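Each chain, letter by letter, is given below.
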Amino acid sequence: MSTWLITGCSTGLGRALSEAVIGAGHNAVVTARDVTKVAELADAAPDRALAMALDVTNAEQVGSAVRAGEQRFGGIDVLVNNAGYGYRAAVEEGDDADIRALFETHFFGTVAMIKAVLPGMRARRSGSIVNISSITVQLTPVASGYYSAAKAAVEGMSGALRGEVAPLGISVMVVEPGAFRTDFAGRSLTQSATVIDDYAATAGQRRIENDTMDGNQQGDPVKAATAIVAAVESPEPPGFLLLGPDALMIYRYIAEQRANEIGTWEQLSAGTNFDS
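Residues numbered from 1 in each chain as written. Predicted model: local features only at pLDDT ≥ 70, side-chain atom pairs only at ≥ 80, totals over all residues. Heavy atoms only, no water.

Note the cut-off: UniProt positions are given in the numbering used here, feature names are shortened, and annotations may be inferred rather than shown by experiment.
By the naming in an unreviewed UniProt entry, the protein chain goes by 3-oxoacyl-[acyl-carrier-protein] reductase FabG and is assigned to Mycobacterium attenuatum. For the record of the protein chain, the UniProt heading Sequence similarities (unreviewed entry) holds the text "Belongs to the short-chain dehydrogenases/reductases (SDR) family."

Topic: the pairing of strand 2 (residues 27-32)
What counts, and what does not: Each residue is placed in one exposure class: buried if its accessible area under a 1.4 Å probe, protein chains only, is under 20% of its type's maximum, exposed if it is over 50%, and partly exposed if it falls in between. Here a helix means four or more residues in a row that DSSP labels H or I, a strand means two or more in a row labelled E, and each is numbered from the N terminus. By definition, the crossover connecting two strands over a helix is right-handed if that path, from the first strand to the second, turns clockwise as seen with the strands pointing away from the viewer. Whether two strands pair depends on DSSP finding at least two bridges between them.
Counting buried positions over the six residues of strand 2 gives six, a clear majority of the element. Regarding topology, helix 1 (residues 12-23) serves as the crossover connection from strand 1 (residues 3-6) to the parallel strand 2, and that connection is right-handed. Sheet topology places strand 2 next to strand 3 (residues 49-53); five bridges connect them, and they run parallel. When the sheet's bridge partners are listed, valine 29 is paired in strand 3 with leucine 50. Crossover connection from strand 2 via helix 2 (residues 39-44) to parallel strand 3: handedness right-handed.

Focus: the sheet that holds strand 6 (residues 127-132)
Each strand in a sheet pairs with another by means of backbone hydrogen bonds, the pair being arranged parallel or else antiparallel. Convention followed: Only the stretch in contact is used when a helix axis is fitted, and all axes are lines through C-alpha atoms; the angle between N-to-C directions ranges over 0 to 180 degrees.
On the basis of which strands lie adjacent, the open sheet formed by seven strands has the order 3-2-1-4-6-7-9 and parallel pairing. Strand pairing shows two members of the sheet lacking a second neighbour, strand 3 and strand 9 (240-243), which therefore form its edges. When strand polarity is set aside, the average angle formed by the axes of neighbouring strands in this sheet is 15°. Here strand 1 runs beside strand 2; their pairing, made up of four bridges, is parallel. Within strand 2, the position partnered with isoleucine 6 by the bridge is valine 30.

Some remarks on the pattern of salt bridges
Stated formally: The term salt bridge refers to a pairing of a side-chain nitrogen on Lys or Arg with a carboxyl oxygen on Asp or Glu at a separation within 4 Å.
Inspection of every chain in the model, using the stated rule, returns two salt bridges. Note that arginine 15 is salt-bridged to glutamate 19, the shortest N-O span being 3.8 Å. Within this pair, arginine 15 and its partner glutamate 19 are both found in helix 1, separated by four residues, close to a single helical turn. Under the relative-accessibility criterion, arginine 15 is labelled buried at 15%. Taking the relative accessible area as the measure of exposure, glutamate 19 reaches 43% and is therefore partly exposed. Arginine 15 is paired through a salt bridge with glutamate 40; the nearest N and O atoms lie 3.1 Å apart. One end of the pair, arginine 15, is in helix 1; the other, glutamate 40, is in helix 2, and 25 residues separate them in sequence. We classify glutamate 40 as exposed; its relative accessible area is 55%. Here the salt bridges share partners, and the residues they tie into one network are Arg15, Glu19 and Glu40.

Some points on empty space enclosed by the protein
By rolling a water-sized probe across the atoms, one finds the places where empty space is left. Using the following cut-off: The definitions used throughout rest on a 1 Å grid laid over the protein atoms alone, on which a cavity is an enclosed set of points accommodating a 1.4 Å probe that cannot get out and a pocket is an open set flanked by protein within 12 Å on both sides along at least five of seven lines; lining residues are those having an atom within 4 Å of a point. Grid points are joined across faces, edges and corners, and a volume is the space filled by probe spheres set on the points. Note on residue classes: Ala, Val, Leu, Ile, Met, Phe, Trp, Tyr, Cys and Pro are nonpolar, Asp, Glu, Lys and Arg are charged, and everything else, Gly too, is polar.
On inspection of all chains with the given rule, the structure shows one cavity of 30 Å³ or more. The computed volume of the largest cavity comes to approximately 30 Å³. Every residue lining the largest cavity is listed: Thr7, Val56, Asn81, Ala83, Thr105, Gly109 and Thr110. Top contributing element to the lining of the largest cavity by residue count: helix 4 (residues 96-124), with three residues. Of the residues belonging to the lining of the largest cavity, the class tally is two nonpolar, five polar and no charged.

As structure tokens, then:
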């Protein structure tokens, strides 16, 4: 039995993962900004689940959630940074306050959670950190530049962290899901208030009012949750995990396109050293 702390458990992947973890017999600290939305998860398994109010941009709540989990269950074995939301805007349309808020949640909130659990993990010389990213880091679709950038920042930090904590017995895993049937393309999706007509044919086509993906995604969040638990519990957890056949297809397509472009420009790329 291990103890998991999962952020953003009110709906979607976070809720499915909470149910999978509790169902597998583990302890779970289930969190949401509105704690009433996760109360039933804790009520269903009062001996093994603890519901906590948590806004990952609130330093006091971050500390309280981690301390409560440690006091109740003896330590946090697995941290899953899942809390987040979508934001769509052309780069020029992005509102400064919205962009900063997006990074506060996705990047700085993730960092705050990691810093809060690492002292306990280092002391025990064990633990797992799971950072939920997105296949949009690879695809960088129009209108999702800022969301892609926030998740790319998480991935860059995660790679360095993996090297730092691996000798201490702690694993770090980045998860890039494709499209799953959650609220991400619906309730959890925001957009810029600024609209520039010149981007109507690009970013404008992916704005929330034109989104037809919500409710039609092929990905099953229950299966995604099961996959994450299996990866964490494997003898050698992967540092990078794709979820969904669409994520696999996109990743391989992008990799092939990049390899082709590298080959096309290889001579120019390689000709930048001093002449010997």
